[in-house]
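Below are the chains, spelled out letter by letter.
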Amino acid sequence: MILTANDDTIRRAAHIIRKGGLVVFPTETVYGLGANAMDARAVQKIFAVKNRPPVNPLIVHIDSIRQLRLVTLVPRKIEDAEWFKTLIGIWPGPLTLVLPRSSSVPTMVTANLDSVAVRMPSHPVARKLLAAAATPIAAPSANFSSQVTATTAQHVAETLGAAVDLILDGGPCEVGVESTILSLLEWPPRILRPGGIAAERLSEILEVPIEELTRKAADAVPLAPGMLKEHYAPNTPLVFRDTASSIDHTSGESASTCSGSAKVGLISFGPSYGKDDRTQYSVVRSLSATDDLSEVARNLFSALYEMDKLGLTLIVVDRCEEEGIGRAIMDRLRRATMRFAGKK
Ligand code: TXA
Ligand code: MG
């Protein structure tokens, strides 16, 4: 059931959460598939519905510092640090912090890790829901594992709709890509996933160079378990625009972008049609009329989702500079295009 979010439907949603049910709700980043984080049986349903491997831990959404204390054990040294106060001053917002977990969090939520990922979302519907439910809410993005993330309630309804108790429609998400995940389990802290809060901003607050914050793990163990499996990919093959043209020019036999009956869609980041765009592509969707990367991020997942429904042979997408929100955009697109490269 999909209902427009208002005080009445939010109250119903909170009731469902307290009874151990599943509610899809909007956050400023993407839609979340929520359950009472303190109820292991409710959380188990999230994994079942998403087809999510149990080794991939969930983010716990909180609405207060009191709830932060309930679910984490913040070491004294961190708690007292000025940078920590500035960091949590970003809340509510698209920043997730990985901290040592308190024993009150069911192990199911954290995939048996000693740490827990927490964030305080800023979307008014998420905030009202958390307040009314009066419990932290565990919520991954509201999409099937490894598929395109949903940033509208309609897209959730078309995919997970039948498997959840209620979808609260709060309109399209403003940020459009997931939160930035920052691990505070080590020094310097480490960005496990680029997202809605720019690495540049974290670098300033922490006084740690970006290269150090974004350093890769030395071993093969993924620091954000499950990240390796996140593909964000549509079913239609997806390639970067520059790769597509090189395929075109160098080899006649590989998936030529525009010859014959091939139907190719273009997701462009800018306003203009290149000189060949109109003839080369069956559909062109521009994500921003002003080359604004925040707007690109906001529209990215829904454009991928919508284009995926058109029965195209190939989707071609632009690249952007890896700065600010551009890091998150390129991270998601690299994963999404990699899946296609692997499949051939
Ligand atoms: O913006 C967001 O973060 C959205 C909205 C709904 O809040 N949520 C979201 O959740 O993106 P999900 O499940 O799609 O991604 C959560 C990521 C996973 O990659 C997981 O591996 C990582 O967070 N994660 C969770 N707990 C962790 C932990 N204790 N240590 C390291 N990584 C963790
Ligand atoms: Mg996800």
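Being a predicted model, the structure only gives us computed values, none of them experimental. All residue numbers here refer to positions counted from 1 along the written sequence of the relevant chain. To read the labels, note that chains go from A and ligands from 1, taken in the order they are written. The predicted nature of this model means local features are confined to residues of pLDDT at least 70 and side-chain atom pairs, given and counted, to a pLDDT of 80 or more, with totals for whole chains, interfaces and linings taken over all residues. Just so you know, side-chain values use all the structure's heavy atoms and leave hydrogens and water out.

A separate point is the pattern of salt bridges. Here a salt bridge means any side-chain nitrogen of Lys or Arg lying within 4 Å of a carboxyl oxygen belonging to Asp or Glu. Evaluated as defined, the whole model comprises 17 salt bridges. The residue Arg 190 makes a salt bridge to Glu 186 at a minimum N-O spacing of 2.8 Å. The buried label goes to any residue with under 20% of its type's maximum accessible area, the exposed label to any with over 50%, and the partly exposed label to all in between, with areas taken from a 1.4 Å probe on protein chains only. Overall, Glu 186 belongs to the partly exposed group, its relative accessible area being 28%. Arg 332 is the salt-bridge partner of Asp 331, the closest N and O atoms lying 2.6 Å from each other. Side by side, Asp 331 and Arg 332 carry an identical accessibility label, which is buried.

In this approach the atoms are scanned with a rolling probe the size of a water molecule, which exposes any empty space left behind. A 1.4 Å probe that fits but cannot get out identifies a cavity on a 1 Å grid over protein atoms alone, an open set with protein on both sides within 12 Å along at least five of seven lines counts as a pocket, and a residue lines either if it has an atom within 4 Å of a point. Grid points are joined across faces, edges and corners, and a volume is the space filled by probe spheres set on the points. Considering all chains together, one arrives at 1 cavity of 30 Å³ or more under this definition. Each pocket or cavity is described by its volume, and for the largest cavity that value is around 40 Å³. In terms of lining, the largest cavity is formed by Thr 180, Ile 191, Pro 194, Gly 195, Ile 197, Ala 198, Ala 199, Gly 324, Arg 327 and Ala 328. Only Asp, Glu, Lys and Arg are considered charged, only Ala, Val, Leu, Ile, Met, Phe, Trp, Tyr, Cys and Pro nonpolar, and every remaining residue, Gly among them, polar. Among the residues making up the lining of the largest cavity, the classes are represented as 6 nonpolar, 3 polar and 1 charged.

What follows deals with the sheet that holds strand S11 (residues 238–240). A pair of strands is labelled paired if DSSP reports no fewer than 2 bridges between them. Runs of H or I in DSSP of at least four residues are treated as helices and runs of E of at least two as strands, each being numbered from the N terminus. A sheet is described by the order of its strands in space; here 4 strands give the open sequence S11-S14-S12-S13, paired in parallel fashion. Each edge of the open sheet carries a strand with a single partner, namely S11 and strand S13 (283–286). Here the strands of the sheet are splayed against their neighbours by 20 degrees on average, with no regard to which way each runs. Bridge count between strand S12 (residues 264–268) and strand S14 (residues 314–317): 4 bridges; the pairing is parallel. Among the inter-strand pairings, Gly 265 is bridged to a residue of S14, identified as Ile 315. To get an axis, a line is fitted to the C-alpha atoms, and for a helix only the part in contact is used. The angle between two axes follows their N-to-C directions and goes from 0 to 180 degrees.

Note that soluble globular proteins tend to have their nonpolar side chains buried in a common cluster. In this structure, Phe 84, Leu 87, Leu 97 and Leu 202 are the most contacted members of the largest nonpolar core, which totals 53 residues. Considering each element in turn, this core owes the most residues, 5 residues, to helix H2 (residues 40–50). In this analysis, two residues are considered to be in contact whenever any of their non-hydrogen atoms come within 4.5 Å of each other. When near neighbours in sequence (up to four residues on either side) are disregarded, Phe 84 contacts Leu 68, Val 74, Ile 78, Glu 79, Leu 97 and Leu 184. Here, the term nonpolar core denotes a set of buried Ala, Val, Leu, Ile, Met, Phe, Trp, Tyr and Cys residues that are joined through side-chain atoms within 4.5 Å. If you look at the next biggest cluster of nonpolar residues, it comprises 28 residues, including Val 148, Phe 240, Ala 297 and Tyr 305.

A few words on the side chain of Thr 149. Following the sequence through the fold, Thr 149 ends up in the loop between strand S7 (137–138) and helix H7 (153–159). The exposure class assigned to Thr 149 is buried, which follows from its relative accessible area of 2%.

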